[in-house]
Amino acid sequence: MLSSKKRLLTGIQSSGVLHVGNYMGALKPFLELYEDYDSLLMIADYHALTSLKNPKELARNTLDVAKDYIAVGLDPKKAILFKQSDVPEHTELAWIFNCLVTVPFLMQSHAYKDKVAKGLEANAGLFTYPMLMASDILLYDTAVVPVGEDQRQHIEYAREAASKFNTAFGQTFIEPKERILESSATLPGTDGKKMSKSYNNTIPLFGTDDEVRAAVMKIVTDSTPAGTPLNTETDVTFALHTQFSQNDIADLTNRYREGNIGYKESKDILVQNILSLITPMREKREALSDDEVRNIIKEGGERARVIASAKMIEVRKNIGVTV
Ligand code: TYM
């Protein structure tokens, strides 16, 4: 790892099957950037525990996320790929940040407010989630955090945590910056809302051909009759074309405007383009064994821990718990 490079860290929860929104919002931008930085990629299994209470599923998802990243092109020799629970310094630092922030401050978290508004159980882990995420980022003196738009507030929380700590205990943490890929900041799901596991509106990243087709066919459309122009601004299928159909986009735009394409054909083209992107990745993924991936994660955890534990020595000293 070249220490002269700035540090980059991003994370992804191992709470379910990855979807194409994760790919466009997190995996792809990460792949475009990570070799220019001293990069860490963390599987947030303790964050996933806020919603998932099934040990087999959590373990399976963790291996799957790692496989997904390697299949889409991550070279584990060029980044530290690890899981949060292998580096206990994350939860330790989160406790310290929890002692610095107020309850009303945490109550402003969109993720928390959304869950409460939906009447879902808000456990204390979900409530303090932003401070665990702040620890993930700050432990490594991270400069850049590539994420989707939905995570912007969490990076603001991380900056706040850094600033509160520095004010209380002296300069210790650097304030990280988010890196949001605007073009795909929020990829819509099949119902037009943000694509999200919790909305059940996803197109799976590594689904079978049939699963991808079925998800695309579910995309909502209006009742514009055939032969009439379609609205490129509001059509969800078109929004997905802007991400997956770059080679056809000029032609599709014209055909939409001229009323020369129907929703069914547009969706067929989208299915083909998504499949041609994911088929080679899927083949690569199938060739990876669980053991191979377990070893990569284990080794990544050891490398991450070297950095995190050095930082915690400084933190412990600064807060006064070393006597
Ligand atoms: P998570 O697991 O929900 O999502 C992982 C990444 O995928 C992005 N994303 C999307 N981007 C565009 N369109 C969408 N529809 C879409 N859905 C998800 C997310 O923005 C994210 O970048 N709290 C984080 C995980 C985390 C983390 C971290 C991230 C834990 N610690 C430290 C960065 C740094 C989360 O729940 O992401």
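Refer to the structure presented above.
Colleague: Describe the nonpolar core, listing the residues and the values that go with them.
Modeller: In terms of nonpolar packing, the biggest core is built from 48 residues, with L27, Y69, L74, I203, L205, L240 and I274 touching the most fellow members. For this core, the elements supplying multiple residues, two or more each, are β1 (7-13), α1 (20-33), β2 (38-44), α3 (55-71), α10 (209-217), α11 (236-244), α13 (263-286) and α14 (290-319). Looking at this core, the element that brings in the most residues is α1, giving eight residues. When residues are assigned to domains, this core turns out to be shared by domain 1 (7-186 + 289-319) and domain 2 (206-284), each giving three or more. Residues in contact with L27, not counting those within four places in the same chain, are I12, L18, N22, D68, Y69, V72 and L205. M42, I80, F105 and Y129 belong to the second largest nonpolar core, which has 38 residues in total.

Colleague: Summarise the pairing of β1; cite the residues concerned and give the values.
Modeller: With five of seven residues buried, β1 lies mostly within the body of the structure. Pairing geometry for β1 and β2, over seven bridges, is parallel. Paired with Q13 across the strands is A44, a residue of β2. Between the parallel pair β1 and β2, the chain is carried across by α1, and the sense of this crossover is right-handed.

Colleague: Let's hear about the environment of P229: which residues, and what values?
Modeller: Mapped onto the elements of the fold, P229 is located in the loop between α10 and α11. Measuring from C-alpha to C-alpha, the distance between P229 and N254 comes to 9.5 Å, with 25 residues separating the pair along the chain. Aside from chain neighbours lying at most four places away, what touches P229 is T224, Y256, R257 and G259.

Colleague: I'd love a proper account of the site of the ligand, names of residues and values included.
Modeller: As a matter of local geometry, the ligand sits amid 28 residues, with Q13, Y129, D136, G148 and D150 nearest to it. A distance of 3.3 Å separates an oxygen atom of the ligand from a polar atom in the side chain of N22. In the environment of the ligand, an oxygen atom lies 2.8 Å from a nitrogen or oxygen atom belonging to the backbone of G148. For the ligand, whose unbound accessible area comes to 710 Å², protein coverage reaches 96%. When residues of the shell around the ligand are traced back to their parent elements, those giving at least two are β1, α1, β2, α8 (129-138) and β4 (144-147).

Analysis parameters
Residues numbered from 1 in each chain as written. Predicted model: local features only at pLDDT ≥ 70, side-chain atom pairs only at ≥ 80, totals over all residues. Heavy atoms only, no water. Core = buried A, V, L, I, M, F, W, Y, C linked by side-chain atoms within 4.5 Å. Buried < 20%, exposed > 50% of the residue type's maximum accessible area, 1.4 Å probe, protein only. Helix = DSSP H or I, 4+ residues; strand = E, 2+ residues; numbered from the N terminus. Domains from an automatic or database assignment. Contact = heavy atoms within 4.5 Å. Pairing = 2+ DSSP bridges. Right-handed = clockwise from strand over helix to strand, strands pointing away. Near = heavy atom within 4 Å. Polar contact = N/O pair within 3.5 Å; in protein donor to acceptor, adjacent residues only side chain to side chain. Areas by Shrake-Rupley, 256 points an atom, 1.4 Å probe, with all protein chains shown as cover.

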